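# Structural description and commentary
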Amino acid sequence: MANQIGRFFESQKPETAVAGIEDHLMKFWDPRMRNAIVTQLAEGKIQLDPPVREAVERLKGRKNG
């Protein structure tokens, strides 16, 4: 699902796309979902497109990310 969100932002500049993906995840994903995707990425259990990966990595540093 996260990669599908990322595809929505493909037409934007990379930094804008990453920020948009991160914002979407913060606004519309439950904290448990955000924590799960961060953990899955850290454990190498999921493949994410580069802008989505960067957005998820940014979530690590956020409170309730």
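Okay, so let's go over this structure. (Residues numbered from 1 in each chain as written. Predicted model: local features only at pLDDT ≥ 70, side-chain atom pairs only at ≥ 80, totals over all residues. Heavy atoms only, no water.)

### Some thoughts on the overall build of the protein
So the rule is basically this: For helices the rule is a DSSP run of H or I covering at least 4 residues; for strands it is a run of E covering at least 2, with both sets numbered from the N terminus onward. Residue exposure (1.4 Å probe, protein chains only): buried if accessible area is under 20% of the type maximum, exposed if over 50%, otherwise partly exposed. The contact rule is simple, with two residues in contact once any of their heavy atoms fall within 4.5 Å. The method behind every accessible area is Shrake-Rupley, applied with a 1.4 Å probe, and residues are considered shielded solely by the protein chains displayed. Positive residues here are Lys and Arg, negative ones are Asp and Glu, while His and the chain termini are left out of the count. For charged residues, the charge sits on one atom: NZ in Lys, CZ in Arg, CG in Asp, CD in Glu.
A count of helices and strands for the protein gives four helices and zero strands. Listing every helix and strand of the protein by position from the N terminus yields α-α-α-α. The dimensions of the protein, computed from C-alpha atoms along their principal axes, are 30 × 25 × 20 Å. Here the protein holds 65 residues, and the buried ones make up 34% of them. Residue pairs in contact within the protein that sit at least 24 positions apart in sequence constitute 62% of those at least 6 positions apart. Split by element, the accessible area of the protein, about 4,400 Å² in all, is 51% carbon and sulfur. In the protein, the 11 positive side-chain charges and the 9 negative ones have mean positions that sit 4 Å from each other.

### Here we look at the packing of helix α3 (residues 31-42) against helix α4 (residues 50-60)
What counts, and what does not: To obtain an axis, a line is fitted to C-alpha atoms, over the contacting stretch when the element is a helix, and the angle between two such axes runs from 0 to 180 degrees between their N-to-C directions. Orientation categories follow fixed angle ranges, with anything under 35 degrees roughly parallel, anything over 145 roughly antiparallel, 65 to 115 roughly perpendicular, and all other angles oblique. In a left-handed crossing the near helix is turned counterclockwise from the far helix by less than a right angle, and in a right-handed crossing that turn is clockwise. In this classification, the charged set is Asp, Glu, Lys and Arg, the nonpolar set is Ala, Val, Leu, Ile, Met, Phe, Trp, Tyr, Cys and Pro, and all remaining amino acids, among them Gly, are polar.
For the pair α3 and α4, the least separation of the axes is 9 Å and the interaxial angle reads 110°. Taken as axis vectors, α3 and α4 run roughly perpendicular relative to one another. α4 is crossed by α3, and the crossing has left-handed handedness. Contact residues: R34, I37, V38 and L41 in α3; R53, V56, E57, L59 and K60 in α4. Class assignment for the residues of the contact of α3 with α4 results in five nonpolar, no polar and four charged.

### Notes on the packing of aromatic side chains
Rules: When two rings of Phe, Tyr or Trp (its six-membered ring) have centres within 6.5 Å they constitute a pair, described as stacked for plane angles under 30 degrees, edge-to-face for angles over 60, and tilted for the intermediate range.
Inspection of the entire model under this criterion finds one aromatic pair. Judged by centre distance (5.1 Å) and plane angle (85°), the rings of F8 and F9 are edge-to-face. Looking at F8, the relative accessible area reads 63%, which means it is exposed.

### As for the side chain of N3
The line we're drawing: Under this definition, polar contacts are N or O atom pairs within 3.5 Å; protein pairs additionally need one hydrogen-donor-capable and one acceptor-capable atom, and for neighbouring residues in sequence, both atoms have to be side-chain atoms.
Mapped onto the elements of the fold, N3 is located in helix α1 (residues 2-8). Among the polar contacts listed, one links the side chain of N3 to the backbone nitrogen of D49, at a separation of 2.8 Å. The contact partners of N3, leaving out residues within four places of it in the chain, are Q47, L48, D49 and V52.

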